[in-house]
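Notes for the structure review
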Amino acid sequence: MSTQATPLRSLGVDPATGKEAFAVTRPGGLLEGLADTQALKAATVLVTVVGAVLEVGKASDAELAAFVTPLHAALEECVGIMAADRE
């Protein structure tokens, strides 16, 4: 038995309630596909926002530093999706 906890994956936010739905996904399953789609959408939005901030060029170091953690998380999740697709 594995001692590693299975991470919850976001399936998005319910527009009616504003609550985020999470699921434990299985490789190749429907919920994994939904979670992958959500992760890619979130990463796309994050890249767009960060790109716009960088283009303006007036953000402080502290404001730019605030993007490091979410960018790392999005990149890590996207790399995980790509690695799973190769298996």
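Another point: the confidence of the model for the protein. Residues at a pLDDT of 70 or more form 93% of the protein, whose mean pLDDT is 90. The weakest mean pLDDT in the protein belongs to helix H3 (residues 68-86) at 91; the strongest belongs to helix H2 (residues 61-65) at 95.

Turning our attention to the nonpolar core. Side chains that are nonpolar tend, in soluble globular proteins, to be buried together. Core analysis: the biggest nonpolar cluster contains 6 residues, these being Ala 43, Leu 46, Val 50, Phe 67, Ala 74 and Cys 78. Of all the elements in the fold, those that place two or more residues in this core are helix H1 (30-56) and H3. For this core, the element with the most residues is H1, which contributes 3 residues. Not counting chain neighbours up to four residues away, the residues in contact with Ala 74 comprise Ala 43 and Leu 46.

Look at H3: 27 Å from first C-alpha to last across 19 residues, which is about the 27 Å you get at 1.5 Å a residue. Burial in H3 covers these residues: Ala 74, Cys 78 and Ile 81. Taken end-on, H3 shows its buried residues confined to a sector of 55°, consistent with a single buried face. The outward face of H3, more than 90 degrees from its buried face, is lined by the exposed residues Val 68, Thr 69, Leu 75, Glu 76 and Arg 86. Contacts from the buried residues of H3 go to strand E1 (9-13) and H1.

The subject of this paragraph is the pattern of salt bridges. This model, assessed by the stated rule, comprises 2 salt bridges. Arg 9 is paired through a salt bridge with Asp 36; the nearest N and O atoms lie 2.8 Å apart. Of this pair, Arg 9 sits in strand E1 while Asp 36 sits in helix H1; the two residues are 27 residues apart in sequence, bridging distant segments of the chain. Pair check on accessibility: Arg 9 and Asp 36 agree, each one buried. With a closest N to O distance of 3.0 Å, Glu 77 and Arg 9 form a salt bridge.

Calculation notes
- Residues numbered from 1 in each chain as written.
- Predicted model: local features only at pLDDT ≥ 70, side-chain atom pairs only at ≥ 80, totals over all residues.
- Heavy atoms only, no water.
- pLDDT = per-residue confidence, 0-100.
- Helix = DSSP H or I, 4+ residues; strand = E, 2+ residues; numbered from the N terminus.
- Core = buried A, V, L, I, M, F, W, Y, C linked by side-chain atoms within 4.5 Å.
- Buried < 20%, exposed > 50% of the residue type's maximum accessible area, 1.4 Å probe, protein only.
- Contact = heavy atoms within 4.5 Å.
- Expected span 1.5 Å × (residues − 1).
- Arc of directions from axis to C-beta.
- Salt bridge = Lys/Arg side-chain N within 4 Å of Asp/Glu carboxyl O.

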